[in-house]
Amino acid sequence: MPIDTMDPGREHDQAFFQEFELDILDKEEDIPIKTNMLEAKKFGPIPNVLVLDMQPISIANPSETWKTSAEQYFFPLNVGAVVNLVKSAEANHKKIRGIGQRHSFSEVCLSDDYFIDLSKAHPYKDKRHNQTVGKIDQSALSLLKDAEEVKNYFDVPGGMQVFMINKILCPDKERHEARFGRRRMYNMGGADVQSFAGALSTGTHGSGGIHSAYHDMVRSILLVAGEGKVYRIEPSKGITDKVKHNRFYEGNPDLDKVELIQDDDKFYAVLVSFGCFGVIYSAIIETRPMSYLKKKNDYFSGGWDEATIKTTISDIVDSLRKSEEIFHYVQFNPYPFGKNEHPSYLTRTLTLVKKEDEGVVGKDNNVQKWPTCFTDIPWIAGVIQLAANHRLSPPRRIIETVLRRQHRKKNNDRQDLAYKIWNAGASSQLLNMGTGIEFAFPVDEAPAIINLVIEHLQQSAELTPGYYVNGPIAVRFVRASKAFLAPNQAKFKGTEHDWWCYMEIVRLNSNNPEDDDKELEIYEHLQKILRWMGGRPHWGLNFQFPFDLEYLQSIYPDMDKWLEAKAFFDPNKTFESKAIQSWLS
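Residues numbered from 1 in each chain as written. Predicted model: local features only at pLDDT ≥ 70, side-chain atom pairs only at ≥ 80, totals over all residues. Heavy atoms only, no water.

Draft legend 1. Representation of the overall build of the protein. Tallying secondary structure elements over the protein gives 18 helices and 25 strands in all. A burial count over the protein gives 61% of its 585 residues as buried. Once local pairs closer than 6 in sequence are excluded, the contacts in the protein between residues at least 24 apart make up 76%. When the accessible surface of the protein is split by element, carbon and sulfur atoms take 49% of a total near 23,400 Å². (Helix = DSSP H or I, 4+ residues; strand = E, 2+ residues; numbered from the N terminus. Buried < 20%, exposed > 50% of the residue type's maximum accessible area, 1.4 Å probe, protein only. Contact = heavy atoms within 4.5 Å. Areas by Shrake-Rupley, 256 points an atom, 1.4 Å probe, with all protein chains shown as cover.)

So this is what it looks like as structure tokens:
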């Protein structure tokens, strides 16, 4: 029975439920909330739902850029339970929204009343891979068109974390069952801790490649929308066979009906909708055969001047246009170091290789994780956190060291499974140690934006007290998308752009409240400048960004189509929060 047709009234067997309940009680890390008690119980009114049994329920992300409370926090165990939770919320005039791993620094995931956490709506556990990988329901793929090769697709549960997808598609241990052969995603961001539904619906991305962002790998979405209606949403030429789909539901009238919608406007609206259309229960993604990537880092002391910035960006984009599977990144110190007149920078290029090719094979965890990349001693990160904040001027040497150490011989020419090399971003490692913002621009505008940010940061550093960032600024390159509200949406101010440049600015936190005030002030200042320059903020990486409808319509030409789709899927505004309402006013 396909997962989207599971009988909402069917109880899990008692053994499974007891195991699940004990897992909730015994493993604090499995409960993504802050609380002094860890108790979950069956939710009497609705089968196959656990509810957090405590009041008040206080929720925060690890960096504590937002905190909120909830009336109820639900763990549905199947799609029918989600349907009934949505119906119950509407009947009680409550707002309800899905919540993932709380990786976003923005308030995009907040709800005014109820939260739905899908982390237990799938059976997979990475520590019991062989016992659980075979239980992941892929039967929705049996309804694909005959011309589609099922092996090219994976139906991802919305609450599944990215690292789980990687281990499922291509286990890195011989003793682990390779149920799907050896496959991979087209790309991934610099983190693997997010829930997939949260990552794709906020526009999370990698750099380079055929599809740079998660939302551009998705071919079908199973959505529980307003009024508890369930939709499978695809482009007009979608992968699901209409005849097979309709025949199945006609033959099973006792099941909740899943309406198949194959419509470009609705599909490209729902891809990046940050929970406003409903709860993304699962998403079918297209995959690729697994490959190894080889990493090459080049560090340049000084020299990041206007001419070099322009040439470097131009050369990278030219390379991306010529090769479908090459991955480029840039990091730079916004402040000159030592006797250098201009800042230093580092370029990273990832290329496909065969396992037998010459190179170093294996993990390089300590060089991936910033700020622990300063040293092989993990606890030193706390010392760096302190040193990076308690001063009146930017920690130029610290930032320089981050760049320089990545160029060391032992870290260069390293090759590994693609997902292990990709998992190298700053925000994935910051968690409660830091924060970040990110904006996207057409690549031809990137050099001017980079120069402007450098100039502004250097001027701010001269103030008393100094206002500064304390980590490298990252630049990534993302192929254009059709998704209406994706930061890499191709259309911008009357022109279609094939590549977008994303600039991520991160900062290590401090335990001193005055330092945190500085952080908020410099981010607010940078966001104003980047907004004035026409940048599109990452939906999950922004700080109290002053979104409003006029601004969104100015940077997203299909905003009105997105609003039409929102009205269709959420006619009663069940999935709106106060934050979302303010954005759309």
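Don't stop here, the text continues.
Draft legend 2. Main features of the nonpolar core. Of all hydrophobic cores here, the largest spans 119 residues; its most connected members are Phe154, Met185, Phe196, Phe274, Phe477 and Trp562. The residues touching Met185, leaving out its near neighbours within four places in the chain, are Val162, Ile165, Asn166, Leu169, Phe196, Tyr214, Met217, Ile285 and Trp422. In terms of nonpolar packing, the next biggest core, distinct from the first, is built from 28 residues, Val83, Ala89, Val230 and Phe248 among them. (Core = buried A, V, L, I, M, F, W, Y, C linked by side-chain atoms within 4.5 Å.)

Draft legend 3. Structural view of helix H4 (residues 162-169). When you tally the buried positions in H4, you get seven out of eight residues, the bulk of the element. Where the residues of H4 are buried, they touch helix H3 (129-132), strand E8 (153-157), strand E9 (183-184), helix H5 (196-201) and helix H12 (418-422).

Draft legend 4. A look at a negative patch on the surface. On the surface, Asp264, Asp265, Asp560 and Glu564 cluster together into a patch of negative charge. Elements supplying a minimum of two residues to the negative patch: helix H7 (264-270) and helix H17 (559-569). (Patch = residues over 30% accessible without salt bridge, like charges linked within 9 Å, V, L, I, M, F, W, Y side chains within 5 Å. Salt bridge = Lys/Arg side-chain N within 4 Å of Asp/Glu carboxyl O. Lys, Arg positive; Asp, Glu negative; His and termini not counted. Charge placed at Lys NZ, Arg CZ, Asp CG, Glu CD.)

Draft legend 5. Up close: the pairing of strand E7 (residues 114-117). Taking every second residue as pointing to the same face, both faces of E7 are buried, with Tyr114 and Ile116 on one and Phe115 and Asp117 on the other. Two strands pair when backbone bridges link them, and strand E5 (residues 72-76) and E7 are joined in this way by three bridges, in the parallel orientation. Pairing of Tyr73 across the sheet is with Phe115, part of E7. Of the strand pairs in this sheet, strand E6 (residues 96-99) and E7 are connected by four bridges, and their pairing is parallel. When the bridges of E7 are listed, Arg97 appears paired with Phe115. (Pairing = 2+ DSSP bridges.)

Draft legend 6. Looking closely at unusual backbone geometry. Residues other than glycine seldom take positive phi values, yet His93 does so here, at roughly 55°. The phi dihedral of Arg102 is positive, around 60°, even though this residue is not glycine. Take Arg102: it is sitting in the loop between E6 and E7. A residue is classified by how much of its surface remains accessible, and Arg102, at 16% relative accessible area, is buried.

Draft legend 7. Layout of the packing of helix H8 (residues 306-322) against helix H14 (residues 446-461). At their nearest, the axes of H8 and H14 sit 9 Å apart, and the two run at 140° to each other. As summarised for this structure, H8 and H14 are arranged oblique, according to the angle between their axes. Classified by chirality, the crossing of H14 by H8 is right-handed. Residues Glu306, Ile309, Lys310 and Ile313 of H8 touch H14, and the partners they reach there are Ala446, Pro447, Ile450, Asn451 and Ile454. (Axes fitted to C-alpha atoms, helices over the stretch in contact; angles between N-to-C directions. Parallel < 35°, antiparallel > 145°, perpendicular 65-115°, else oblique. Left-handed = near helix turned anticlockwise from the far one by under 90°.)

Draft legend 8. Spatial organisation of the packing of aromatic side chains. Evaluated as defined, the whole model comprises 29 aromatic pairs. Ring centres of Trp539 and Trp583 lie 5.7 Å apart, and the angle between their planes is 35°; on these two criteria the pair is classed as tilted. In this pair, Trp539 is assigned in the loop between strand E25 (536-537) and helix H16 (549-555) and Trp583 in helix H18 (residues 578-583), connecting sequence segments 44 residues apart. Overall, Trp539 belongs to the buried group, its relative accessible area being 0%. For Trp583, a relative accessible area of 8% corresponds to the buried category. Here the basic side chain of Lys266 rests over the ring of Phe568, its NZ or CZ set 4.6 Å away from the ring centre. Here Arg531 stacks its cationic end above the ring of Tyr551, 4.1 Å away from the centre of that ring. (Phe/Tyr/Trp six-rings, centres within 6.5 Å; stacked < 30°, edge-to-face > 60°. Lys NZ or Arg CZ within 6 Å of the ring centre and 35° of its normal.)

Draft legend 9. Quick look at the pattern of salt bridges. This structure, assessed with the given rule, holds 21 salt bridges. One salt bridge connects Lys578 with Asp112, and the closest N-O pair in it is separated by 3.8 Å. Residue Lys578 is located in helix H18, and its partner Asp112 is located in the loop between E6 and E7; the two are separated by 466 residues in the primary sequence. For Lys528, the salt bridge identified is with Glu524, shortest N-O distance 3.9 Å.

Draft legend 10. Geometry of the environment of Pro394. Within the fold, Pro394 resides in the loop between helix H10 (380-387) and helix H11 (396-405). On the accessibility criterion, Pro394 (3% relative accessible area) is buried. In the structure, Pro394 is positioned 77 residues away from Gly471 in sequence and 9.5 Å away in space, judged by C-alpha atoms. With near-sequence residues (within four places) excluded, Pro394 lies in contact with Tyr335, Ala461 and Tyr468.

Draft legend 11. Representation of H17 within the structure. Residues Met559, Trp562, Ala565, Lys566 and Phe569 constitute the buried set of H17. Buried residues of H17, seen end-on, are gathered within an arc of 120° and therefore sit on one face of the element. Residues of H17 that are buried sit in contact with strand E10 (218-224), strand E11 (230-234), strand E12 (258-262), H7 and H16. (Arc of directions from axis to C-beta.)

Draft legend 12. Seen up close, the side chain of Arg476. Positionally, Arg476 belongs in strand E21 (residues 473-479). The class of Arg476 is buried, set by a relative accessible area of 10%. There is a polar contact of 3.2 Å between the side chain of Arg476 and the side chain of Glu438. Apart from the residues lying within four places of it in its own chain, the contact partners of Arg476 are Gly190, His205, Gly206, Ser207, Tyr329, Glu438, Trp500, Cys501, Tyr502 and Glu504. (Polar contact = N/O pair within 3.5 Å; in protein donor to acceptor, adjacent residues only side chain to side chain.)

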